[in-house]
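Survey of secondary and tertiary structure
Here is what each chain is made of, one letter per residue.
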Amino acid sequence: MIGFVVTAEQAQAANTAIAEAQTSRGMPVFWLAGSYPIYTGEHAGKCFIPCDDATLSTPLIGYPPQTPQDFPEFATIIESMGGRDARIDLPASNITPQEP
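Residues numbered from 1 in each chain as written. Predicted model: local features only at pLDDT ≥ 70, side-chain atom pairs only at ≥ 80, totals over all residues. Heavy atoms only, no water.

Digging into the nonpolar core
Ranked by internal contacts, the top residues of the largest apolar core, which has 18 residues, are Phe4, Val6, Ile18, Ile49, Phe74 and Met81. Among the secondary structure elements, those contributing two or more residues to this core are strand 1 (2-6), helix 1 (8-23), strand 3 (47-50) and helix 3 (72-80). No other element matches helix 1, which puts four residues into this core. (Core = buried A, V, L, I, M, F, W, Y, C linked by side-chain atoms within 4.5 Å. Buried < 20%, exposed > 50% of the residue type's maximum accessible area, 1.4 Å probe, protein only. Helix = DSSP H or I, 4+ residues; strand = E, 2+ residues; numbered from the N terminus.)

And the structure:
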C-alpha cells in the first residue's frame, strides 16, 4: 500500500482540508482519503493515508470528471505531508490489528 505515514493530527488536518476543497466549491463531501492506525512495524502508533498514483487519478465528480489532482488544494495537502517522494510502501499487515 502506497501512501503517507503521519501523526493522527496530520491525518485529521489532511482529511479536513480535502473536505474543505470540496465544500468551498459548493459541493458535498463525496471523497476523503481516510486514514488507518498503524499497529506494527517501525511506524507503529502513527497513521497511514493511502495515496498511490491511481488514487490521485481517480475520477470523482463532474463532467468532464475531476480527479484529486485537478483541485489546486491537493498539491498543498500533499506537500504538507512531505510531497510525493515521502510516500512509502507499507505492508497491509501493519494496519491490521494483531490478535494477542
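Regarding empty space enclosed by the protein
Under the definition given, this model contains one cavity of 30 Å³ or more. Taken as a whole, the largest cavity spans an internal volume of roughly 80 Å³. Together, Ile18, Trp31, Ala33, Ile49, Pro50, Cys51, Thr55, Leu56, Phe74, Ile77, Ile78 and Met81 line the largest cavity. Elements supplying a minimum of two residues to the lining of the largest cavity: strand 3, helix 2 (53-56) and helix 3. A per-element tally of the lining of the largest cavity places helix 3 first, with three residues. (1 Å grid on protein atoms, 1.4 Å probe; cavity = no way out; pocket = protein on both sides within 12 Å on 5 of 7 lines; lining within 4 Å. Points joined across faces, edges and corners; volume = space filled by probe spheres on them.)

Points about the side chain of Gln22
Among the secondary structure elements, Gln22 is positioned in helix 1. Overall, Gln22 belongs to the buried group, its relative accessible area being 2%. For Gln22, the side chain forms a polar contact with the main-chain oxygen of Ile18, separated by 2.9 Å. (Polar contact = N/O pair within 3.5 Å; in protein donor to acceptor, adjacent residues only side chain to side chain.)

Examining the packing of helix 1 against helix 3
Packing of helix 1 against helix 3 leaves a shortest axis separation of 10 Å and a crossing angle of 175°. Judged on the interaxial angle alone, helix 3 and helix 1 are roughly antiparallel. Contacts between helix 1 and helix 3 involve Gln10, Ala14, Ala17, Ile18 and Ala21 on the former and, on the latter, Glu73, Phe74, Ile77 and Ser80. Split into classes, the residues belonging to the contact of helix 1 with helix 3 amount to six nonpolar, two polar and one charged. (Axes fitted to C-alpha atoms, helices over the stretch in contact; angles between N-to-C directions. Parallel < 35°, antiparallel > 145°, perpendicular 65-115°, else oblique. Contact = heavy atoms within 4.5 Å. Nonpolar A, V, L, I, M, F, W, Y, C, P; charged D, E, K, R; others polar.)

Side note on the pattern of salt bridges
Summed over all chains, the structure comprises three salt bridges. A salt bridge links Arg84 to Asp53, with the shortest nitrogen-to-oxygen separation between them at 3.6 Å. Taken together, the positions of Arg84 in the loop between helix 3 and strand 4 (88-89) and Asp53 in helix 2 put the pair 31 residues apart, joining distant regions of the chain. Taking the relative accessible area as the measure of exposure, Arg84 reaches 36% and is therefore partly exposed. With its nearest N and O atoms 3.1 Å apart, the salt bridge here joins Arg87 to Asp53. A residue pair is termed long-range when its members are at least 10 positions apart, and Arg87 in the loop between helix 3 and strand 4 and Asp53 in helix 2 qualify at 34 residues. On the basis of relative accessibility, which here comes to 18%, the residue Arg87 falls in the buried class. The class for Asp53 is partly exposed, based on a relative accessible area of 45%. Each member of the salt-bridge network shares a partner with another, and the members are Asp53, Arg84 and Arg87. (Salt bridge = Lys/Arg side-chain N within 4 Å of Asp/Glu carboxyl O.)

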